[in-house]
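Here is what each chain is made of, one letter per residue.
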Amino acid sequence: MDLSIVDEDLKAVESSFRGYLSSRVPLIAKVGKHILTSGGKRIRPAILLLSSRLNGYQGQRAIRMASIVEFIHTATLLHDDVVDNADIRRGNPAANTLWGSEASVLVGDFLFSKSFYLMVDDGDLRVLSILAEATTQLAEGEILELVKTADFGITRHEYMDLITSKTAVLISAASRIGAALGNATEEREQALKDYGLYVGIAFQLVDDCLDYTATNESLGKTIGTDLREGKVTLPLILALQQATEEEKKRIQDIVLSEKITQEDFRAVLGFIDGYGGVEMTLHLAREHVNKAKRCLSLFPNSPEREALERLADYIVQRDR
Ligand code: FPP
Ligand code: MG
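Residues numbered from 1 in each chain as written. Chains lettered and ligands numbered in written order. Predicted model: local features only at pLDDT ≥ 70, side-chain atom pairs only at ≥ 80, totals over all residues. Heavy atoms only, no water.

Chemist: Can you help me understand the overall build of the chain in this one?
Modeler: The secondary structure content of the chain amounts to 15 helices and 2 strands. Its C-alpha atoms give the chain a radius of gyration of 20 Å, within 12% of the compact-globule value 20 Å for 320 residues. The dimensions of the chain, computed from C-alpha atoms along their principal axes, are 60 × 50 × 30 Å. Classification of the 320 residues of the chain by burial places 55% in the buried group. Across the chain, the fraction of contacts at a sequence separation of at least 24, relative to all contacts at a separation of at least 6, is 76%. For the chain, the accessible surface area stands at approximately 14100 Å², while carbon and sulfur atoms represent 51% of it. The centroid of the 37 positive side-chain charges in the chain is displaced by 4 Å from the centroid of its 47 negative side-chain charges. (Helix = DSSP H or I, 4+ residues; strand = E, 2+ residues; numbered from the N terminus. Rg over C-alpha atoms; globule rule 2.2 N^0.38 Å. Buried < 20%, exposed > 50% of the residue type's maximum accessible area, 1.4 Å probe, protein only. Contact = heavy atoms within 4.5 Å. Areas by Shrake-Rupley, 256 points an atom, 1.4 Å probe, with all protein chains shown as cover. Lys, Arg positive; Asp, Glu negative; His and termini not counted. Charge placed at Lys NZ, Arg CZ, Asp CG, Glu CD.)

In structure tokens, the structure reads:
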């Protein structure tokens, strides 16, 4: 994905991370550095930077805000890998497998708290309000997901609501903050907020497909984690909607079993494929990418707008 127009800014974001990690407790920098420098895609910082530049903002605060949003994202990943019992993240051992769950949760708390400290220091109540709202909804989404674990009655609507909260809302906050920094009109801020929401939904739809179809190597995570954790995601929901009672029972037994073997996983994947669950989910993701791009039609053509369009396309083309 070509993001060369914000390359310099993204480099500045990377170096500000290091400064923000400094603490008298060495474990914080160790765990923080491990996850922050492990090759994240930097989607949120890129969206925030591009969105601010699209609205004519040229100052340094966009870099600070982009780092803060990535800090929050990193905090949620540290917590999420504990919740999901994940062992690999971005091709490396997850922090919880190296330093334990306690350290992961607590360093996540540090990053999360530090983010709000830095925001207060910046002093823009609009940004503070956008991120306070987004992180509250994000936590709500993650808890909703927990409540819906192994729930075969989960509807497509509930699933969409869940992924909007747990993933799309933070991405949308990034594009909205960019608009706020550029003092965009209400109409433009709304368009960018929607752009972020659509991109975020598409992102999670693809993430949930890749959990079935990617390889561990390309994804940098262990595939099949959703199924093993009892997460009923859209590819499975769509297949279950078309299945016979007998098939539903067979799949339910697998999901509820003590240990899901490779053979079980392949059986579920075959079932999903038989009903086109992954294909339909990817189709929906492409529709959301197109909606995201349409939100940008309000802005005159510019290198920033084109980069945001490319970024939306990348979401459905990626393999990790
Ligand atoms: C990844 O989903 C997880 C999220 C997008 C949100 C995680 C949120 C929390 C743990 C709660 C809030 C925490 C704070 C600090 C406010 P996934 O498991 O589908 O993706 P993955 O495959 O990359 O793990
Ligand atoms: Mg996870």
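Now that the structure has been shown, the text picks up again.
Chemist: What is the right way to look at the coordination of the magnesium ion (ligand 2) in this model?
Modeler: Angles at a metal have ideal values that depend on geometry: 109.5 degrees with four tetrahedral donors, 90 or 180 degrees with six octahedral donors. Bound to the magnesium ion (ligand 2) are the protein donor atoms D80 (OD) and D84 (OD), situated 2.0 to 2.1 Å from the metal. Across this residue pair, the class does not change: D80 and D84 are buried. (Donors = N, O, S within 2.8 Å, 3.2 Å for Na, K, Ca; no water.)

Chemist: I would appreciate a short explanation of the site of ligand 1 in the present structure.
Modeler: Lining the immediate surroundings of ligand 1 are 15 residues, of which D80, D84, R89, K166 and K221 lie closest. At a separation of 2.8 Å, an oxygen atom of ligand 1 approaches a polar side-chain atom of D84. About the coverage of ligand 1: the protein hides 88% of its 630 Å² of free accessible area. Contributing elements (two or more residues each) for the shell around ligand 1: α4 (61–83), α6 (125–147), α7 (156–181) and α8 (186–213). Partitioned by chemical class, the residues of the shell around ligand 1 number 3 nonpolar, 4 polar and 8 charged. (Near = heavy atom within 4 Å. Polar contact = N/O pair within 3.5 Å; in protein donor to acceptor, adjacent residues only side chain to side chain. Nonpolar A, V, L, I, M, F, W, Y, C, P; charged D, E, K, R; others polar.)

Chemist: Whenever I open this one, the packing of aromatic side chains confuses me. Can you help?
Modeler: For any pair of aromatic rings, geometry is given as the distance between the ring centres together with the angle between the planes. One pass over the full model with this rule turns up 5 aromatic pairs. Considering the side-chain rings of F112 and F116, the 5.4 Å spacing of their centres and the 70 degrees angle between planes classify their relative orientation as edge-to-face. One end of the pair, F112, and the other, F116, are both in helix α5 (residues 95–122), 4 residues apart, so they sit about a helical turn from each other. F112 gets classed as partly exposed once you look at its relative accessible area, which sits at 33%. Ring centres of F271 and Y275 lie 5.5 Å apart, and the angle between their planes is 75 degrees; on these two criteria the pair is classed as edge-to-face. Put simply, the rings of F17, Y20 and F71 touch in pairs and so form one group of aromatic residues. Lying across the ring of F203, R44 places its NZ or CZ 6.0 Å from the centre. Lying over the aromatic face of F203, R318 brings its terminal NZ or CZ to 3.9 Å of the ring centre. (Phe/Tyr/Trp six-rings, centres within 6.5 Å; stacked < 30°, edge-to-face > 60°. Lys NZ or Arg CZ within 6 Å of the ring centre and 35° of its normal.)

Chemist: I tried to follow unusual backbone geometry on my own but got confused; where do I start?
Modeler: Generally, phi is negative for residues other than glycine and the peptide bonds are trans, each holding for most cases. The backbone of N85 sits at a positive phi, close to 50 degrees, despite the residue not being glycine. Inspection of the secondary structure puts N85 in the loop between α4 and β1 (88–89). Residues other than glycine seldom take positive phi values, yet N183 does so here, at roughly 45 degrees. Residue placement: N183 occurs in the loop between α7 and α8.

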